[in-house]
Amino acid sequence: MTTAILATQLLALTTGVLLVTSVLLVWQRSLASAVRVLAVQGGALALLVVAIGLTEGDAELFVVAVVVLALKAIAIPLVLARAIRSSGVEREDKPLLNPTAGLVIVALLTTLAYLVSTPIVAATGGTGAGEAGPAAFSAPVGLTMVLVGFLLLTTRRRALSQVVGFLVLDNGIATVGFLTAAGVPLVVELGVSLDVLLVALILAVLSGRMGALIGQDPVSMMTELRD
Amino acid sequence: MAALLLIPPLAALVFGLAAAFVRSTAVARLSGVSTSAVVLAAGIALLALGKVPELGGGLLRADALSAFMLAVVGAVGLTSTWGGLGPRDHGAASAPTTGQRRYAALVCVFLGAMSVAVSTDNLGVLWVAVEATTIATAFLVGHQGTRRSLEAAWKYVVLGSVGVAIALLGVVLLYAASRSAGEATLSWVALASGELQLDPGLTKVAAGLAVLGFATKAGLAPMHSWLPDAHSQAPAPVSGLMSGVLLAVAFYAILRIQAIADMVLGPSLMRGLLLTAGLLSLAVAAALILRQRDYKRMLAYSSIEHMGLLAVGAAIGGPFAVAAVLLHVLGHGLAKATLFVVAGRILATEGSTRIEDVRALLARHPRMAVPYIAGMAALLGFPPFSLFFSEVGIVMAGWRAGLGWAMGLTLALLLVLFAGLARASAAMVLGAPVSDAAPRHPMHPGHGSPEGPMTPLVLALAVTAVAGFLSVPLGTVLLRAAAVLGS
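Here is what the cut-offs are and how they apply
Residues numbered from 1 in each chain as written. Chains lettered and ligands numbered in written order. Predicted model: local features only at pLDDT ≥ 70, side-chain atom pairs only at ≥ 80, totals over all residues. Helix = DSSP H or I, 4+ residues; strand = E, 2+ residues; numbered from the N terminus. Rg over C-alpha atoms; globule rule 2.2 N^0.38 Å. Buried ≥ 20, exposed ≤ 12 C-beta atoms within 10 Å, placed from the backbone. Contact = placed C-beta atoms within 7 Å. Nonpolar A, V, L, I, M, F, W, Y, C, P; charged D, E, K, R; others polar. Core = buried A, V, L, I, M, F, W, Y, C linked by C-beta atoms within 7 Å. Domains from an automatic or database assignment.

**Quick notes on the overall build of chain A**
And then number 1: The secondary structure content of chain A amounts to nine helices and zero strands.
And then number 2: A compact globule built from 227 residues would reach a C-alpha radius of gyration of about 17 Å, and chain A, at 18 Å, matches this within 12%.
And then number 3: Overall, the C-alpha framework of chain A stretches about 60 × 35 × 35 Å when taken along its three principal axes.
And then number 4: For chain A, buried positions account for 52% of its 227 residues.
And then number 5: Put simply, 76% of the contacts in chain A that link residues at least 6 apart link residues at least 24 apart.

If you want it as structure tokens, here you go:
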């Protein structure tokens, strides 16, 4: 019984942290602190997996939690931090949105996420998965993160802040997966994790090469190819 | 029997490792060709045996559709990699450079990832393999290391990964739906069997997201903006592989999702989505091909056109339309790979990708002009090439399914595209040479060689030319593959 209460509280805490870190990333300008926030978000995601593992009583999820922690709270932030140090770009100084407008849009996106996830919550929160009830009801948090990831991708100009946007998007998808279905099977989870790590590495390398080739501001200089 | 499934990924792994670590020019040159040949042989063997082998609880499984796609991956891969081999450098026969070894290894990984994508029953593994193709091709697109190719690679990885991430969201939600229905599974067979009572509302959201995501990777409008950049900047064999078969692999994922959605929701949702995307792709390609000045980009837009046509065919549904779609996948793959290989040779000779810089090819370089003309004739849908039959098949099926207005629109757009491609090609090929002076532009280093083997091009075009007439064995195979999708 106490485990169930603990798990529910942990679930509420971690989904709260996930939401707050996403909002912070929209407001945040410094790239180094954006990476730290991303690491915190990765840690919260790992704890969320632990909480769901407790509710489900599924030992496999604890393995997944370790993988998530190693990958999203440690490995990927390290890769990004290194890329930022070598690029010499410290701040996102040309965002298309000012912080206030960003926060208003996040509020709208959160509302939108709650509206569009009605069929998801209705289908997964009901009877079928029993204990998954409270988890499924927080599924909109994951969708909000997906939408915030999109917002970051489309409004940021620096190459590495776009990578941060992509990673928030991916964290959001993982959150939806864990909340609605207790995560995908382990083989698939490992494959997905490896893919995400490699994409982050490739983007870091590419942005480094572009920086070396065409100067400091890669993405806004991308106007060579057009019709 | 089931071991046959392991052969393509294992071959890709072995040849890829060999290319990466053995310092031999022969290994670096032949690893991609060997991998493609093995994949092709495995696909044909699976088709000939006609059984459905399974391995590791559905992690690998090949029904007729998978076996057909495996054969297409192998055939297009063989055309691209073999046709992309330059003449052997007799002078400096030293060890290959790091760049060459990495290129060869990544081509093997790319082929292996596509093989896994088409021969798995698990939608999660399918997703992982499709994302792995993005990873393998990222550095292949940026291989030249120029500003333009890095820009193309960046856009490709960001848009490709984000698009495919949306598909992952769809796959995850399908898994959630199956879990709520009582059996948590990602097996396509289980999901498409209709035995699980999937929640219709959730399935609608999940299938919509999955199709949207894979459509980005398949280059369907309006998510196509990365495609012309990536396909025009990649080295010629990679362009051939990406245009000829990677798009088709992503499209194959859409077909699988469509089967699940149709089972749960009836065909109207997917028909609407695919018809919109297909007609929009045809319209975008038509608008941009007419004023295209770069022949590699022109070929890339032609790929968007053909993907649009495939989407229209899939929207129609039914065994006849799906068989025509699959025949079109084969014909387009072979013709497009041939054309990109030839385009690479033209670029190496002329030093420019601008259409106006290439004149009188037939008089000056008949060894490039003849395969170019034949490939373009195939692509434009001239008989006897199989694209003629598949296009007619798709339009006929659409007419019979009561989509006459859509077929009329499709035919009108195809006509515009025909005019655009034919005009640009005629300008490049015909005419008298102005002077026999040396190339106006310096040679592009790293763009391959103006010379190369003709055999793969002749073989690919010959297969395209006879494929439309082979009711046995090809026709039966296509119908068996279409039957897998339950249509």
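**Examining the interface of chain B and chain A**
By a widespread convention, an interface's size corresponds to the accessible area lost as its parts come together.
And then number 1: Tallying the contact residues gives 40 residues for chain B and 38 residues for chain A.
And then number 2: Breaking the side of chain B that touches chain A down by element, the ones donating at least two residues are α5 (123-141), α6 (147-180) and α8 (200-218) of chain B.
And then number 3: The dominant element in the side of chain B that touches chain A, judged by the number of residues it contributes, is α6(B), at 21 residues.
And then number 4: A class-by-class count of the residues in the side of chain B that touches chain A yields 26 nonpolar, seven polar and seven charged.

**Observations regarding the nonpolar core**
Residues and elements named next belong to chain B.
And then number 1: Residues F68, V72, V172, L173, V249 and L326 are the most contacted members of the largest nonpolar core, which totals 278 residues.
And then number 2: The element that contributes the greatest number of residues to this core is α6, accounting for 22 residues.
And then number 3: Apart from the residues lying within four places of it in its own chain, the contact partners of F68 are L47, L326, V477 and A481.

**Quick notes on the domain arrangement of chain B**
Residues and elements named next belong to chain B.
And then number 1: In terms of domain boundaries, chain B breaks down into domain 1 (1-119), domain 2 (122-266) and domain 3 (282-487).
And then number 2: Look at where the C-alpha atoms of domain 2 and domain 3 centre, and you get two points 23 Å apart.
And then number 3: For the side of domain 2 that touches domain 3, the secondary-structure elements that each account for two or more residues are α9 (227-233) and α10 (236-265).
And then number 4: The biggest single contributor to the side of domain 2 that touches domain 3 is α10, with 14 residues.

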